[in-house]
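Chains, contacts and geometry: an overview
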Amino acid sequence: MKRTALSLFAFFLQMTCQAQNFDLIPLGIYGGEKEDNLSAYLVGAPKDNAFICLDAGTINAGIRKAIQLKSLNGPEETVLQDQIKGYFISHGHLDHLSGLIINSPADSKKNIFGIAPVLQILQNHYFITDTWINFADQGQKPILGKYHYNELQAGTEIPAPQTPFFITGYELSHVNPYKSSAALVRRDDHYLLYLGDTGADRIEKSDRLDQLWERISPLVKKKQLNTILIEVSFPNSQPEHLLFGHLTPNLLVEELEKLKEKTGQKNLEGLNIVVTHRKPTKDNPEIIKKELLKNNPLQVHYIFPEQGRKISLP
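Summary of the structure given here. No experiment lies behind these values; they were computed from the predicted model shown. Per chain, residues are indexed from 1 in the order of the written sequence. Owing to the predicted nature of the model, reporting of local features is limited to residues with pLDDT of at least 70; listing and counting of side-chain atom pairs is limited to 80 or more, with chain, interface and lining totals taken over all residues. Based on all heavy atoms of the structure, the side-chain values leave hydrogens and waters out of the count.

Focus: unusual backbone geometry
In plain terms, the rule: Strands are runs of DSSP state E lasting at least two residues, helices are runs of H or I lasting at least four, and both sets are numbered from the N terminus onward.
Residue Gly 74 is joined to Pro 75 through a cis peptide bond whose omega torsion reads 10°. Note on placement: Pro 75 falls in the loop between helix 2 (60-68) and helix 3 (76-83). Going from Asn 176 to Pro 177, the amide bond is cis rather than trans, its omega being 15°. Take Pro 177: it is sitting in the loop between strand 9 (166-173) and strand 10 (179-187). Phi at Glu 33 takes a positive value of approximately 70°, unusual for a residue other than glycine. Positive phi is not limited to glycine here, since His 277 has a value of about 65°. On the secondary structure map, His 277 appears in the loop between strand 13 (272-276) and helix 10 (284-294).

As structure tokens, then:
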């Protein structure tokens, strides 16, 4: 009896000591088709209403769902205008930025973070008169100046104003040579990594993921980085020549095995892997989930986000 009490005490002590450093609120989780539930993730500090939005496929519908689930404090326009302080856009595909574009008239002045090719896509193809109007501060006239472009140089950290966060960008390959990107988000000495769409290095004939794993491996070993958000778009049945720059469960494991070579097995056990961008066609999301849980040799902790439901992360 005494031993049981001591074990319970040790368990609760461990849980108490593992402080929560990030709140993650998914505004959208899928990689296509469901226009009211596309890739967008608010990252904030616990008990703070200053968020960075990692991609922006769905904004308003996600805010409404999060308010309904009590993950956000409304009203909707307050969250959009006052609580979201900026956007990181990983690449130029509509399922990652359409919410930003369509909500821009109702939005407030804020920052957009992205690597140069992504900012050029926004400037040259979306914020132009033919498709919308230029709500940013560079590009085609008339320039409304609501959004300020912040170019991310690979490996160089910059602050995210009005938030406790700093962002570092890294290039990814999404049907080589098309570029997607990842954001390494820092709060104090704690990190969270978000990847936009990416193919496996072997399929892409690239080393972008290997370079990223090299950069983050010391943070994983020091337990400063405990969470990675990464896409798994298709089940294992998808032929490799029809992946179009995406991952399957087997390919994710293949890439995590490469990360393990740099960190060691023990340091990956329990690492939070938030599975993003599942294609919602038929029962693909459930198949992907089952395949990941069935084949988990590295003993990572898979998290399958739900639109609007807050996830507290160390």
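A short note on the sheet that holds strand 13
Applied cut-off: Here a strand pair is declared whenever DSSP counts at least two bridges between the two strands. A fitted line through C-alpha atoms serves as each axis, taken over the contacting stretch for helices, and the angle formed by two N-to-C directions is quoted from 0 to 180°.
Taking strand neighbours across the sheet as the criterion, the seven strands line up as 8-9-10-11-12-13-14 in an open arrangement whose pairing is mixed. Where the open sheet ends on each side, the last strands, each with one partner, are strand 8 (157-159) and strand 14 (301-303). Averaged over all pairs of adjacent strands, the angle between their axes in this sheet comes to 25°, without regard to strand direction. Looking at chain direction, strand 13 and strand 14 are connected through three bridges and run parallel. The residue bridging Val 274 from the neighbouring strand is Ile 303, located in strand 14.

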